[in-house]
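What follows is each chain in one-letter form.
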Amino acid sequence: MTAFSLLDLSPIPEGASVAEALQHTISLAQHAETWGYGRFWLAEHHNSGGIASSATAVLIGQVLAATSTIRVGSGGIMLPNHSPLQVAEQFGTLATLYPNRVDLGLGRAPGTDPNTAAALRRGLNGPDQFPQDVIELMGFLGEATPDQPVKAVPGTGTHVPVWILGSSLFGAQLAAQLGLPYAFASHFAPDALEEAAAIYRHRFTPGITQEPRFMMAVNVFAADTDAEAIRLRTSMQQGFLNLRRGRPGPLPAPVDSFDQVANRVEAHMVNHALRVTAVGAPDTVRHQISELIARHKPDEVIITNMIHDPGARLKSFKIAAEVMQKLAPLAA
């Protein structure tokens, strides 16, 4: 069976509060643990109006406290927004409180608009400094040397597992060079998926991990019927379109047809970007995920979605877990 995990952005649906969105995230994590998901990752975004996971390390701590066994981490921390020492201290604290349960996925993009990125960085060098920042951060999480002038306390010696996240060839090359596991953001930027996976596997040199580990992100919208699942998906399509229009905000309620709210060019753009998606009833989703796994051969699949109704969202993730647990015969 292909390993499977869950990526949550703690979406804020239209008509709901931030407090409700955060409570839904904690509830989802508790359910995901019982459904067999191996990891529960949260993503850092800022100034969106529709995503509540901006203080990612804080929310990870809350999820860890509310669960018992599932690994919890970042998918990811946008490192240009932070100093490596601060991230090491935050995740070192989490790993000290919850040993062997914390992951640290690192991204190179700011995860926001230019004005907000400038407010977050406060004069740091941004994405151009990313490889050096990753190495510095890993140093803070490793064993300290006797003459090391600055140490992460907590952090030193915790060896929190680091993942590189990306949607381009840059992250694949860096993860391969450093011998780190690599997660590709195919759920919203799949154009370089095949090439990035090939480069990562071909150029991988043993480092922190001895073998390459490639994770592929997949949107899954599952329901009792294909028609219901297609309708649920329209919330994410609308949210993505609003973001591209420069009007991010709460996650819209679903509509009967995405074509009602998008012109032909917009619909093509959105559907192209979100094409690594399985949508439908359980058998439909099983077939679509099976095809994706057979084509890209990931070591792990991380499943995500943006569904307006929390109950329907829970049901979709439950169906996805059941599908993944039964998938091996089709994916072989």
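Up top is the structure.
This is a predicted model, so every value here is computed, not measured.

(A) Here's a closer look at the overall build of the chain. Assigned secondary structure in the chain consists of twelve helices and nine strands. Relative to the 2.2 N^0.38 estimate, which gives 20 Å for 332 residues, the radius of gyration of the chain is 19 Å and therefore close to what a compact globule would have. Across the 332 residues of the chain, 52% fall into the buried class. Of the contacts made within the chain by residues no fewer than 6 positions apart, 72% connect residues no fewer than 24 positions apart. As presented, the chain carries roughly 14400 Å² of accessible surface, and 55% of it is formed by carbon and sulfur atoms. Taking the 24 positively charged and 29 negatively charged side chains of the chain as two groups, their mean positions are separated by 3 Å.

(B) Structural context of helix α6 (residues 169–178). G171, A172, L174, A175, A176 and L178 are the residues of α6 that are buried. In the stretch just after α6, G179 is the one whose phi turns positive, near 70°.

(C) Examining the side chain of Q148 more closely. Assignment of secondary structure puts Q148 in the loop between α5 (130–141) and β5 (162–166). A polar side-chain atom of Q148 sits 2.8 Å from the main-chain carbonyl oxygen of V150. Apart from residues lying up to four places away in sequence, Q148 is in contact with F140 and E143.

(D) Structural view of helix α2 (residues 56–66). Taken together, the buried positions of α2 are T56, A57, L59, I60, G61, V63 and L64. Turning to α2, the residues buried within the fold contact α1 (18–35), β2 (39–42), β3 (71–78), α3 (84–97) and β4 (102–107).

(E) How the structure looks around the packing of aromatic side chains. Under the defined criterion, the tally for this structure stands at seven aromatic pairs. On the basis of an interplanar angle of 80° and a centroid distance of 5.7 Å, the ring pair of Y200 and F204 is categorised as edge-to-face. F204 sits in the buried class, given a relative accessible area of 12%. Each residue in the set Y182, F184, Y200, F204 and F214 is aromatic and connected to the rest through ring pairs, giving one cluster. The side chain of R108 reaches across the aromatic face of F170, ending 4.0 Å from its centre.

(F) Representation of the environment of A273 in the model. Here A273 lies in helix α9 (residues 264–273). With 89 residues separating them along the chain, A273 and F184 place their C-alpha atoms 14 Å apart. For A273, the contacting residues outside a window of four places in its chain are S186, H187, F188, A189, P190 and F240.

(G) Just unusual backbone geometry, in detail. Here the amide bond leading from G75 into G76 is cis, since omega sits at 10°, within 30 degrees of zero. Tracing the backbone shows G76 in strand β3. Of note, the amide linkage connecting V153 to P154 takes the cis form, showing an omega dihedral of -5°. With phi around 55°, N47 is a residue other than glycine that occupies positive phi space. Of note, N47 is situated in the loop between β2 and α2.

About the cut-offs
Residues numbered from 1 in each chain as written. Predicted model: local features only at pLDDT ≥ 70, side-chain atom pairs only at ≥ 80, totals over all residues. Heavy atoms only, no water. Helix = DSSP H or I, 4+ residues; strand = E, 2+ residues; numbered from the N terminus. Rg over C-alpha atoms; globule rule 2.2 N^0.38 Å. Buried < 20%, exposed > 50% of the residue type's maximum accessible area, 1.4 Å probe, protein only. Contact = heavy atoms within 4.5 Å. Areas by Shrake-Rupley, 256 points an atom, 1.4 Å probe, with all protein chains shown as cover. Lys, Arg positive; Asp, Glu negative; His and termini not counted. Charge placed at Lys NZ, Arg CZ, Asp CG, Glu CD. Polar contact = N/O pair within 3.5 Å; in protein donor to acceptor, adjacent residues only side chain to side chain. Phe/Tyr/Trp six-rings, centres within 6.5 Å; stacked < 30°, edge-to-face > 60°. Lys NZ or Arg CZ within 6 Å of the ring centre and 35° of its normal.

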